[in-house]
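# Chain and residue survey
Given next are the chains, with one letter for each unit.
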Amino acid sequence: METIFNDLYKKYHSDLFNFLYYMVQSREQAEDLVQEVYIRVLKSYQHFKGESSEKTWLIAIARNVAIDFFRKQKGLNQRMIKKVEIFDLQVKDESPLPEEIIFQSEETKLMYRCLEKCTVDQRSVIILRYIQELSILETAQVLGWKESKVKTTQHRAIKQLKTFMNKTLRKEMAG
């Protein structure tokens with residue numbers, strides 16, 4: 001089991017951390033949540049049937065950990081439960097690590113700020129599709145959805161994110 005765990009850690013730690021970072025927008029919180037993911041992996045690995053890839057299985061666990069975190073924050077941040085979709089920026093795997101965001105374009109920084117305003121589902125789809133570069137099928141497996149729901153949520157997320165970005169830009173230009 002230790003060898004399996006070490007292999008999973010080496011292969012997917014960066015993906016898990018980045019996914020959780022983009023979900024919670026906090027390096028420290030993402031680090032704590034990654035530890036929770038590994039605790040759940042240790043407890044449930046014997047139930048992994050191989051029906052999806054290890055990566056989609058791990059990201060599904062990470063998403064559930066993030067949702068649990070948002071639920072615990074419910075009183076502080078009710079809106080987070082309803083978040084998660086992204087728009088069509090070319091934020092592929094060459095996207096910067098969280099610490100590299102400092103050097104990103106203003107438009108990309110704005111996109112990440114506005115991503116926080118999306119529902120959890122919208123944010124999840126955007127991160128999985130555009131940052132983690134999962135296919136529609138892989139995204140559906142992670143989320144436990146049908147592919148059609150992923151496509152619909154992605155479309156709505158992109159539209160919503162663009163709206164948030166436009167509103168934010170107008171406020172900043174007027175302010």
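Residues numbered from 1 in each chain as written. Predicted model: local features only at pLDDT ≥ 70, side-chain atom pairs only at ≥ 80, totals over all residues. Heavy atoms only, no water.

## Comments concerning the overall build of the chain
Definition in use: Strands are runs of DSSP state E lasting at least 2 residues, helices are runs of H or I lasting at least 4, and numbering of each runs from the N terminus. For each residue, the accessible area found with a 1.4 Å probe, counting protein chains only, is set against the maximum for its type, and the residue is called buried under 20%, exposed over 50%, and partly exposed in between. By the convention used here, residues are in contact when the closest approach between their heavy atoms is within 4.5 Å. Note that accessible areas follow from Shrake-Rupley with a 1.4 Å probe, and for residues the cover is restricted to the protein chains shown.
Helix and strand counts for the chain stand at seven helices and zero strands. The order of α-helices and β-strands along the chain, N terminus first, is α-α-α-α-α-α-α. For the chain, buried positions account for 47% of its 175 residues. Pairs at least 24 residues apart make up 73% of the contacts formed inside the chain by residues separated by at least 6 positions. When the accessible surface of the chain is split by element, carbon and sulfur atoms take 50% of a total near 9,700 Å².

## Here's the deal with the packing of aromatic side chains
The test is simple: Put simply, two rings from Phe, Tyr or Trp (the six-membered ring, in Trp's case) pair if the centres are within 6.5 Å, and we call them stacked under 30 degrees between planes, edge-to-face over 60, tilted for the rest.
Taken as a whole and judged by the stated rule, the model has nine aromatic pairs. Ring centres of tyrosine 9 and tyrosine 38 lie 5.3 Å apart, and the angle between their planes is 45°; this geometry places the pair in the tilted category. Of this pair, tyrosine 9 sits in helix H1 (residues 2-24) while tyrosine 38 is found in helix H2 (residues 27-44), placing the two residues 29 residues apart along the sequence. Judged by relative accessible area, which is 37%, tyrosine 9 ranks as partly exposed. When the centroid spacing of 4.6 Å and the interplanar angle of 40° are considered together, the rings of phenylalanine 48 and tryptophan 57 count as tilted.

## Concerning the confidence of the model for the chain
Our working rule: Per-residue confidence from the prediction method is given by pLDDT, with values spanning 0 to 100.
In this model, the chain carries a mean pLDDT of 82, and residues with pLDDT of at least 70 account for 81%. Within the chain, helix H6 (residues 136-143) carries the highest mean pLDDT (94), whereas helix H4 (residues 106-115) carries the lowest (82). Predicted confidence for residues 76-95 stays below pLDDT 50, and this span has 81 contacts to residues more than four positions away or in other chains.

## Considering the packing of H1 against H2
Convention followed: Only the stretch in contact is used when a helix axis is fitted, and all axes are lines through C-alpha atoms; the angle between N-to-C directions ranges over 0 to 180 degrees. Throughout this description, any angle smaller than 35 degrees is read as roughly parallel, any larger than 145 degrees as roughly antiparallel, any in the 65 to 115 degree range as roughly perpendicular, and the remainder as oblique. The handedness criterion is simple: a crossing whose near helix is rotated anticlockwise from the far helix by less than a right angle is left-handed, and one whose near helix is rotated clockwise is right-handed.
Where H1 meets H2, the axes come as close as 9 Å, and the angle between the chain directions of the two elements is 135°. The angle between the axes of H1 and H2 places the two elements in the oblique class. For the pair H1 and H2, the crossing hand works out as right-handed. Between H1, through Phe5, Leu8, Tyr9, Tyr12, His13, Leu16, Phe17, Leu20, Tyr21 and Val24, and H2, the contact on the second element is made entirely by Arg27, Gln29, Ala30, Glu31, Leu33, Val34, Val37, Tyr38, Val41 and Leu42.

## Some details on unusual backbone geometry
In the Ramachandran plot, glutamine 25 falls in the positive-phi region, its phi being about 60° despite a non-glycine side chain. Among the secondary structure elements, glutamine 25 is positioned in the loop between H1 and H2. A positive phi angle, near 60°, is found at glutamate 133, a position not held by glycine. Take glutamate 133: it is sitting in the loop between helix H5 (120-131) and H6.

## Points about H1
Selection rule: In a helix, the anticipated span is given by 1.5 Å times the number of residues less one. Think of it this way: the bend at a residue is just the angle between two axes, each fitted to seven residues, one set ending at that residue and the other starting at it.
Given a rise of 1.5 Å per residue, 23 residues ought to cover 33 Å, yet the end C-alpha atoms of H1 are separated by just 29 Å, more than 12% below that figure. Taking the largest bend as the criterion, H1 deviates by roughly 60°, centred on tyrosine 12.

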